[in-house]
Amino acid sequence: MVSMWDDGRLCYGGDYNPEQWPAATWREDVALMRRARINLVTVGVFAWSRLEPAPGRYDFGWLDEVLDLLHDGGIRVALATPTASPPPWFSLAHPDALPVTADGVRLHHGSRDTYCAAAPAYRAAARGIAATLAARYAHHPAVALWHVHNEYGTTCHCPHAEAAFRRWLVERHGDLDTLNAAWATSFWSQHYTDWAYVSTPRATQYLGNPGQLLDFRRFWSDTLLAAYVEQRDLLTAANPALPVTTNYVLGDWVPVDHARWAAEVDLVAVDHYPSAVDGGAEEQTALAADLARGWARHGRRRAATRRGAAPADGPAGWLLMESAASQIHTTGRSHTKEPGRMARHSLSHVARGSRGAMFFQWRAPAGGAERFHSALVPHTGPDTRVFRETVRLGEHLDRLAEVTAGEVTASVALAFDAASGWALRHPGMPSTLLDGHAELAAAHRALWRAGYGCDIVVPGDPLDRYRLLVLPAVYLADDDVAGWVRAHVEAGGHLLVSYLSGVADQHGRVHLGGYPGAYRDLLGLRVEEFHPLAADEQVLLSGGGTGRIWSETVHLCGAEPVGTYVGGVLDGRPAVTRHRTGDGTAWYLSTRPDDRTYRRLLTEVARTAGLAPVCPDAPPGVEAVRRAGPQGSWLFLLNHTDRPQRVPVTGVDLFTDTPADGTVVLPAGGVAVVREEPAPMASVTATPPMTDRTPPA
Ligand code: GLA
C-alpha cells in the first residue's frame, strides 16, 4: 500500500522555515523547489511563537498560505509540532517547567529545548498545540506526514523530574530492596529506606552511582517517549491515514534508546551530520544509515509482535530527515563539503535503505543562531555551486524510485545496545577513553573498509540470516542477552566479541569469576586483569599491528591464540583468540587494533564464516552497497577517490539509462547506480575449512 508520505518516489527536501521570510520569498522558494525537484519539506519545527504568539491566541494565516502554495506546487509537507521550542510567554508563565541541570541551575529561554518534559505544564501545552494543529491540518491535502518535536534528547533534575523518576523506579524495581540491590547501595552508604530519599543523579562530591545514572537515562528515554506518544496519539486520532515520525539525533550523549522507540514511530527518521571532515565522514555516513535501517527493522518486528502479527516482508522504510548541504560546524569551525560530497552522502543513505534525502535546511537565514549553517539555497542565492548540485541530485533521485523495492541483505550482524554505551561513559570505569559509539564505529569501519555489508542488530533480534555476529564492547548482558549470543553460536554461527562485552549485568554490576562473565565459556577463556592504556600509549601485536585504549591478561581455557602482545607486561600473552564451537568459531579481541589490523582480522573472521565482500572487484576507495529483492538487484557504487574508477558490473546505469556491459566508469568523486542483470548470487560462499593459525596482522 502506498501511504501518504510515500508516493513511490524517493523523498527529497528538508526543513523549510517560511516564518523567517517575507511572503514574496515563499513564491520564489516554491519555484526553486520545483526546479530542484524537491517533493517533501518539513514545516513549522520551531514556529510555536509564530503560531501561538500569546497564550491561546493563534495565527495560522501564514501557515495556511504556505501550505496552499506548496500544495499548488506539488510539494508535500511533513508538518511539525513545534514543541522543541516553547515561546517566551510559556516559560514566563510556567517557570516550574524550565529545566534544571544536575548542578541545580535553572535554564532560561533564549535558545531552544528549554523545557522539562516531565513538567505537567509543558506536557499540557505540547498536547495543546499538537491538538490544535491536528484539528486544523490533519486533512490538508499538502500534509503527508507528521513530524513530532525535534531531536528528543533533553533531561532535567527539577522537582517534577525527580517525582517522575521515583514513580518510574517504583514501576521498574517494585520495592526498595530490589532497587538497593540493583544499584549496590551498600557501597558508600547509599542504602535507601524510603522512596522519598531517592533523587535524580545530581551533581555529587565524587563519582555518582552507576546504577542510578543508568536508570536515569532509561527513565528519560521512557519519559521522552511518553511525550512523543501522547502527541502521536492526538495526531493519529485526527487522521489515522497520516503517518507520524520524529527525527532521531545520534550519539551516546542522547538519553534515548532509539531501538525501543522504533516500534512507536510509523517511520524511523534520523538526522546525520558527520563530525569527521576527512574520509571518516563517509564511514560515519555508512554507520548512521546502517543504524537507522537496523532500528527500522527492529521496530517493525516489535510492533508486529505486539499486534500478534508476523512482520511485513520487504524493506523496512526509514528516512534521512536532516543532513548538511555543505558547511558542517565541527572541531571549532565550519568545513565546506567538496563538490560531489553532498550527493555521495545522500546516495550512501539511499543505498542503505533511506526513502530519500532530506536536509537542514532549505534556505540559509540572515539571522538567528544557525545563520551560518549550510542550506540548499545558500546566503548567496541559487546561482551557486551548492544549488546547482541540489538540482543535479534531484534529477538523480528522480531516477532511482525503483530501488525502493530492494533491501540491503547482509550476512554480518553488528550488535549495538544504547544502555551499554551509556554505562561505559561512567567516570568510574577503568578508562575514560571508553566510548560505546566509537567501539561500534571501529568495528563497522573495519567491515566497511574490507567491503562487507552489515546489519546493525539489537540484542534479542533474530539472527538466523547472519553467519557472523560481532559484539563491539556491548558491555551489559543479562541472562537473555547471554542466551541470545549462545543460541547463535550453538546454531553454527560465528562470533567476534571485543573487550568489555558481557562484563556486567543490566544494572552495571560486574559478573564475577573472571571477565567477560557472560561469554567466558563460549570464548574458552578467562580475563583476569585489565590494562587500560593512556591516550598516547599503544601496545604492539604479533604480525606488526598495534592496539590502543585497552589490553588485558587473557587466560586460555580451550581457545587458541591467534595473535599475541609483543613486549611490555603482556609480552607473549594472547591478544586475539578463537575457540571452535561446533560448526562455528568464537573469536575474542582484547584490545582496540589499529584500523588496518582490525580490517584484516575481520576479513579473516568473515572468510572463516564463509562470507565474501559485496563487490570483491571494486577498486580501493570505491564503496559498494547492494539492495536486492524479488524484483531485482541494484548496486550502488560510490567513488570516494579523486580519480575515475572502473568497476566490473553488468546491467543498466540508472543515471544515464545506458547499458553497463561488463564495466562502469565512475567519475572522480562520482556515483553510479546499476540495475544488475542478471542478479548476482548472494555474498555467501561455501564455508571453507578453518585455516591454520593466521595472525590478524
Ligand atoms: C539538528 C537540528 C536542526 C539544526 C541542525 C544543525 O539536526 O534538528 O534544527 O540545528 O541540527 O546541524
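Analysis parameters
- Residues numbered from 1 in each chain as written.
- Predicted model: local features only at pLDDT ≥ 70, side-chain atom pairs only at ≥ 80, totals over all residues.
- Heavy atoms only, no water.
- UniProt positions renumbered as here; feature names shortened; annotations may be inferred.
- Helix = DSSP H or I, 4+ residues; strand = E, 2+ residues; numbered from the N terminus.
- Rg over C-alpha atoms; globule rule 2.2 N^0.38 Å.
- Buried < 20%, exposed > 50% of the residue type's maximum accessible area, 1.4 Å probe, protein only.
- Contact = heavy atoms within 4.5 Å.
- Areas by Shrake-Rupley, 256 points an atom, 1.4 Å probe, with all protein chains shown as cover.
- Lys, Arg positive; Asp, Glu negative; His and termini not counted.
- Charge placed at Lys NZ, Arg CZ, Asp CG, Glu CD.
- Core = buried A, V, L, I, M, F, W, Y, C linked by side-chain atoms within 4.5 Å.
- Near = heavy atom within 4 Å.
- Polar contact = N/O pair within 3.5 Å; in protein donor to acceptor, adjacent residues only side chain to side chain.
- Nonpolar A, V, L, I, M, F, W, Y, C, P; charged D, E, K, R; others polar.
- Pairing = 2+ DSSP bridges.
- Phe/Tyr/Trp six-rings, centres within 6.5 Å; stacked < 30°, edge-to-face > 60°.
- Lys NZ or Arg CZ within 6 Å of the ring centre and 35° of its normal.
- Axes fitted to C-alpha atoms, helices over the stretch in contact; angles between N-to-C directions.
- Parallel < 35°, antiparallel > 145°, perpendicular 65-115°, else oblique.
- Left-handed = near helix turned anticlockwise from the far one by under 90°.
- 1 Å grid on protein atoms, 1.4 Å probe; cavity = no way out; pocket = protein on both sides within 12 Å on 5 of 7 lines; lining within 4 Å.
- Points joined across faces, edges and corners; volume = space filled by probe spheres on them.
- Patch = residues over 30% accessible without salt bridge, like charges linked within 9 Å, V, L, I, M, F, W, Y side chains within 5 Å.
- Salt bridge = Lys/Arg side-chain N within 4 Å of Asp/Glu carboxyl O.

The name an unreviewed UniProt entry assigns to the protein is Beta-galactosidase, from the organism Micromonospora humida. For the protein, the Sequence similarities (unreviewed entry) comment in UniProt is given as "Belongs to the glycosyl hydrolase 42 family." A UniProt comment under Catalytic activity (unreviewed entry) is attached to the protein, and it reads "Hydrolysis of terminal non-reducing beta-D-galactose residues in beta-D-galactosides."

This brings us to the overall build of the protein. Helix and strand content of the protein: 17 helices and 31 strands. For the protein, whose C-alpha radius of gyration is 26 Å, the value lies close to the compact-globule estimate of 26 Å for 697 residues. Projected onto its principal axes, the C-alpha coordinates of the protein cover approximately 75 × 75 × 50 Å. For the protein, buried positions account for 59% of its 697 residues. For the protein, contacts bridging at least 24 residues in sequence account for 72% of all contacts bridging at least 6. Surface accessibility of the protein: about 26,800 Å² in total, with carbon and sulfur atoms responsible for 52%. Put simply, the protein has 64 plus and 76 minus side-chain charges, and the middle of one group is 2 Å from the middle of the other.

This part covers the nonpolar core. The biggest cluster of nonpolar side chains holds 154 residues, and the ones touching the most others in it are Leu-70, Trp-146, Trp-220, Trp-295 and Phe-636. Sort the elements by how many residues they give to this core and helix H8 (residues 210-238) lands first, with nine residues. Excluding anything up to four places from it in sequence, Trp-146 contacts Leu-79, Leu-133, Ala-134, Tyr-137, Ala-138, Leu-235, Leu-242, Pro-243, Val-244 and Thr-245.

A word on the UniProt feature "domain: Beta-galactosidase trimerisation" (unreviewed entry) in the protein. Listed under "domain: Beta-galactosidase trimerisation" (unreviewed entry) in the UniProt record, and renumbered for this structure, are residues 410-611. As a span, residues 410-611 carries 26% helix and 28% strand, and end to end its C-alpha atoms are 10 Å apart.

It is worth spelling out the environment of Cys-158 at this point. The residue Cys-158 is located in the loop between strand E4 (143-148) and helix H6 (159-173) in this model. When its relative accessible area of 0% is taken as the criterion, Cys-158 is described as buried. Residues Cys-158 and Val-100, 58 residues apart in the sequence, show an inter-C-alpha distance of 5.2 Å. Apart from the residues lying within four places of it in its own chain, the contact partners of Cys-158 are Asp-96, Val-100, Arg-106 and Cys-116.

For the rest of this paragraph, the subject is the side chain of Thr-185. As for its placement among the helices and strands, Thr-185 is situated in the loop between helix H7 (176-182) and H8. Once you skip the residues sitting within four places of it in the chain, Thr-185 turns out to touch Asn-180, Gln-190, His-191, Tyr-192 and Asn-209.

Moving on to the site of the ligand. Taken together, the residues surrounding the ligand are Phe-46, Arg-112, Asn-150, Glu-151, Asp-271, Tyr-273, Glu-322, Phe-360, Glu-370 and His-373. Here an oxygen atom of the ligand and a side-chain polar atom of His-373 are 2.8 Å apart. Relative to its unbound accessible surface of 310 Å², the ligand loses 90% to contact with the protein. Of the residues contributing to the shell around the ligand, the split by class is three nonpolar, two polar and five charged.

Here we take up the pairing of strand E1 (residues 11-16). The two faces of the sheet receive side chains in turn, since in a regular strand these alternate between them. Taken across its six residues, E1 has six buried, putting it largely inside the fold. The pairing of E1 with strand E11 (residues 354-359) spans four bridges and is parallel. Note that in E11 the partner of Gly-14 across the bridge is Phe-359. Pairing geometry for E1 and strand E2 (residues 40-43), over four bridges, is parallel.

Scanning the entire structure with this criterion turns up 26 aromatic pairs. Relative to Trp-183, the ring of Phe-165 has its centre 6.4 Å away and its plane inclined at 20°; by these criteria the two rings are stacked. A residue pair is termed long-range when its members are at least 10 positions apart, and Phe-165 in helix H6 and Trp-183 in the loop between H7 and H8 qualify at 18 residues. Exposure remark for Trp-183: the relative accessible area of 2% places this residue in the buried category. Cluster of aromatic residues (ring-pair linked, three or more members): Phe-165, Trp-168, Trp-183, Tyr-192, Phe-216, Phe-219 and Trp-220. Between the NZ or CZ atom of Arg-50 and the centre of the ring of Trp-62, over which it lies, the distance is 6.0 Å. In this arrangement the basic side chain of Arg-363 is found over the ring face of Trp-21, its NZ or CZ atom lying 5.4 Å from the centre.

What follows deals with the packing of helix H1 (residues 23-35) against helix H3 (residues 61-72). The geometry of H1 relative to H3 is characterised by a closest axis approach of 10 Å and an angle of 25° between their N-to-C directions. Relative to H3, the element H1 is oriented roughly parallel. Here the hand of the crossing between H1 and H3 comes out right-handed. Contact with H1, carried on its side by Trp-26, Arg-27, Val-30 and Met-33, involves Trp-62, Glu-65, Val-66, Leu-69 and Leu-70 of H3 and no other residues of that element. For the contact of H1 with H3, the class distribution of residues is seven nonpolar, no polar and two charged.

Where helix H11 (residues 341-351) meets helix H12 (residues 385-398), the axes come as close as 10 Å, and the angle between the chain directions of the two elements is 30°. In this view, H11 runs roughly parallel relative to H12, as classed from their interaxial angle. For the pair H11 and H12, the sense of crossing is right-handed. In this structure, H11 uses Met-342, Ala-343, Ser-346, Leu-347 and Val-350 to contact H12, whose residues at the interface are Val-386, Glu-389, Thr-390, Leu-393 and Leu-397. Of the residues in the contact of H11 with H12, the class split is seven nonpolar, two polar and one charged.

Here we come to the UniProt feature "domain: Beta-galactosidase C-terminal" (unreviewed entry) in the protein. Within this structure's numbering, the places UniProt gives as "domain: Beta-galactosidase C-terminal" (unreviewed entry) are residues 621-676. As annotated, residues 621-676 has a helix share of 0% and a strand share of 64%, and its two end C-alpha atoms lie 21 Å apart.

Moving on, we get to the sheet that holds strand E29 (residues 658-661). The strand order across the open sheet formed by six strands is E12-E25-E26-E31-E28-E29, and the pairing between neighbours is antiparallel. One side of each edge strand has no neighbouring strand; the edge strands of this open sheet are strand E12 (407-408) and E29.

This part takes up empty space enclosed by the protein. Tallied over the full model, the rule gives four cavities of 30 Å³ or more. Space inside the largest cavity adds up to approximately 90 Å³. Lining the largest cavity we find Leu-250, Gly-251, Asp-252, Val-254, Val-256, His-258, Leu-291, Trp-295, Phe-416, Ala-418, Trp-422 and His-437. Elements with a minimum of two residues in the lining of the largest cavity: helix H10 (280-307) and helix H13 (418-424). When grouped by side-chain class, the residues that make up the lining of the largest cavity number eight nonpolar, three polar and one charged.

Attention now goes to a nonpolar patch on the surface. Residues Phe-187, Trp-188 and Tyr-206 make up a contiguous nonpolar surface patch of roughly 400 Å² in combined accessible area. Within the fold, Tyr-206 resides in the loop between H7 and H8.

A separate point is the side chain of His-507. If you trace the backbone, His-507 turns up in the loop between strand E16 (494-498) and helix H16 (520-523). Residues contacting His-507, with those up to four places away along its chain left out, are Arg-172, His-173, Ala-182, Gly-211 and Leu-214.

Here we come to the pattern of salt bridges. Across all of its chains, the model carries 45 salt bridges by this definition. Among the salt bridges present, the one from Asp-290 reaches Arg-352, with a minimum N-O distance of 3.3 Å. Within this pair, whereas Asp-290 is found in helix H10, its partner Arg-352 is found in the loop between H11 and E11, the two being separated by 62 residues in sequence. Note on Arg-352: relative accessible area 6%, which makes it buried. A cluster of three or more residues bridged by salt bridges with shared partners is formed by Asp-290, Arg-293, Arg-297, Arg-352, Glu-407, Asp-455 and Glu-623.

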